[in-house]
Amino acid sequence: MKNNQTNKSLIVFFDSGDTIVEEATEIRNDAGIVVDCKLHKGMKELLRELKNDGFTLALVADGEVDSFKNIYELHELSDIFTARAVSQAVGIMKPAKEMFQTAFDLLKLSEADKKRVVMIGNRYNRDVLGANRYGIKSVMFNWSTRYAKEKPQSQEEMPCYTVSTAEELKKLIYRLEAEVEEELSK
């Protein structure tokens with residue numbers, strides 16, 4: 001369902017496990033493919049709102065192509081992502097630059113577009129580190145207790161922003177959109 005909103009300037013990359021999906025709820029088949037799971041509170045609504053409001057969303061996630069296909073079909077979100085950079089298909093996992101470059105290539109983005117991109121994830125050593133090294137903004141979505149003892153191990157793992165709820169994430173995304181719009185209008 002697309003509305004008539006203009007496209008937003010900010011482009012949002014999302015990790016999946018323990019960012020959108022509650023990994024602890026995943027049910028896998030004998031082949032290790034996710035066949036059922038729950039989403040983090042408020043994420044389905046947030047993803048739908050962002051998409052309907054004109055944001056370009058991309059999945060940049062480690063895992064199996066079929067798992068993500070199942071997850072997002074199950075939750076009626078298969079149309080949410082304009083691009084998907086999935087480690088099984090790319091052949092390497094985050095923080096490798098190839099994961100981010102694949103998303104950039106699929107979206108036909110250039111080096112100049114990096115200032116318009118933000119990566120939302122839950123792991124310092126994958127999502128934050130990868131985004132920071134690639135030169136895009138990083139957001140630590142720190143709601144899960146699965147990695148509660150993890151802390152940034154270096155300056156490179158320090159996120160640009162940290163949020164703990166879908167509502168905080170929504171406010172940050174709209175604030176970043178306003179900042180990007182202001183910078184682009186100069």
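You'll find the structure just up there.
Residues numbered from 1 in each chain as written. Predicted model: local features only at pLDDT ≥ 70, side-chain atom pairs only at ≥ 80, totals over all residues. Heavy atoms only, no water.

A.B. asks: Just checking my understanding: could you explain the packing of helix 1 (residues 43-52) against helix 6 (residues 166-184) for this structure?
C.D. replies: Packed helices, taken two at a time, are described by the angle between their axes plus the distance between the axes. It is the contact of helix 1 with helix 6, at a shortest axis distance of 9 Å, that shows an interaxial angle of 20 degrees. Compared by their axis directions, helix 1 and helix 6 come out roughly parallel. Crossing hand, helix 1 versus helix 6: right-handed. Taken together, the residues of helix 6 that come into contact with helix 1 (itself represented by M43, L46, E49 and L50) are A166, L169, K170, I173 and Y174. (Axes fitted to C-alpha atoms, helices over the stretch in contact; angles between N-to-C directions. Helix = DSSP H or I, 4+ residues; strand = E, 2+ residues; numbered from the N terminus. Parallel < 35°, antiparallel > 145°, perpendicular 65-115°, else oblique. Left-handed = near helix turned anticlockwise from the far one by under 90°. Contact = heavy atoms within 4.5 Å.)

A.B. asks: It is not clear to me how unusual backbone geometry should be interpreted in this structure. Could you clarify?
C.D. replies: For residues besides glycine, phi is generally negative; the peptide bonds are generally trans as well. Cis geometry marks the peptide bond from K94 to P95; its omega dihedral reads 20 degrees. As for its placement among the helices and strands, P95 is situated in the loop between helix 3 (87-90) and helix 4 (97-106). Even without glycine at this site, D18 takes up a positive phi of about 60 degrees. Within the element layout of this structure, D18 appears in the loop between strand 1 (11-14) and strand 2 (21-28). Phi is positive for E76, close to 55 degrees, though the residue is something other than glycine. Its location among the elements puts E76 in the loop between helix 2 (65-74) and strand 5 (83-86).

A.B. asks: Can you walk me through helix 1 in this structure?
C.D. replies: Each α-helix winds once per 3.6 residues, and so residues spaced three or four apart point in a common direction. Looking at helix 1, one finds that the buried residues are M43, L46, L47, L50 and N52. Elements that come into contact with the buried residues of helix 1 comprise strand 1, strand 4 (56-61), strand 7 (137-141) and helix 6. Downstream of helix 1 by a residue or two, G54 has a phi angle that is positive, lying close to 100 degrees. (Buried < 20%, exposed > 50% of the residue type's maximum accessible area, 1.4 Å probe, protein only.)

A.B. asks: Sorry, what's going on with the packing of helix 4 against helix 5 (residues 124-134) here?
C.D. replies: Their axes nearest at 9 Å, the elements helix 4 and helix 5 cross at an angle of 65 degrees. The angle between helix 4 and helix 5 places the two elements in the roughly perpendicular class. Taken as a pair, helix 4 and helix 5 cross one another with a handedness that is right-handed. When helix 4 is examined against helix 5, the residues K97, F100, Q101 and F104 are found in contact with a partner set consisting of D127, G130, A131 and Y134.

A.B. asks: Looking at this structure, how should I read the pattern of salt bridges?
C.D. replies: Pairs can form between side chains of opposite charge whenever their charged atoms are close. Throughout the structure, instances matching the rule amount to 14 salt bridges. Residue D62 is joined to R126 by a salt bridge in which the shortest nitrogen-to-oxygen separation is 3.5 Å. With D62 in the loop between strand 4 and helix 2 and R126 in helix 5, this residue pair connects regions lying 64 residues apart in the sequence. Salt bridges sharing partners connect three or more residues here, namely D15, K94 and D127. (Salt bridge = Lys/Arg side-chain N within 4 Å of Asp/Glu carboxyl O.)

A.B. asks: Help me out: how do you make sense of the nonpolar core in this one?
C.D. replies: For soluble globular proteins, nonpolar side chains are generally found buried alongside one another. By size, the foremost hydrophobic cluster in this structure holds 35 residues, and its most contacted members are V12, F14, I20, L57, Y72 and L169. Residue assignment for this core shows that the elements contributing at least two residues are strand 1, strand 3 (34-39), helix 1, strand 4, helix 2, strand 6 (117-121), strand 7 and helix 6. No other element matches helix 6, which puts six residues into this core. Residues in contact with L169, not counting those within four places in the same chain, are F14, M43, L46, I120, V139, F141 and V163. (Core = buried A, V, L, I, M, F, W, Y, C linked by side-chain atoms within 4.5 Å.)

A.B. asks: Please clarify how the environment of E150 should be interpreted in this entry.
C.D. replies: Along the chain, E150 turns up in the loop between strand 7 and strand 8 (161-163). Overall, the relative accessible area of 26% leaves E150 in the partly exposed class. When the C-alpha positions of E150 and R123 are compared, they lie 8.3 Å apart, and in sequence the two are 27 residues distant. What E150 contacts, discounting residues up to four positions off in sequence, is R123, Y124 and N125.

A.B. asks: Even after reading the chapter, I still don't get helix 6, so can you show me in this structure?
C.D. replies: Taking 1.5 Å of rise per residue, 19 residues should cover 27 Å, and helix 6 covers 27 Å from first to last C-alpha, within 8% of that figure. Among all positions of helix 6, only A166, L169, L172, I173, L176, E177 and V180 are buried. Down the axis of helix 6, the smallest arc covering the buried residues is 145 degrees, so these residues share one side. In this structure, helix 6 carries K171 and E182 as exposed residues pointing more than 90 degrees from its buried face. On its buried face, helix 6 sits against strand 1, helix 1, strand 6, strand 7 and strand 8. (Expected span 1.5 Å × (residues − 1). Arc of directions from axis to C-beta.)

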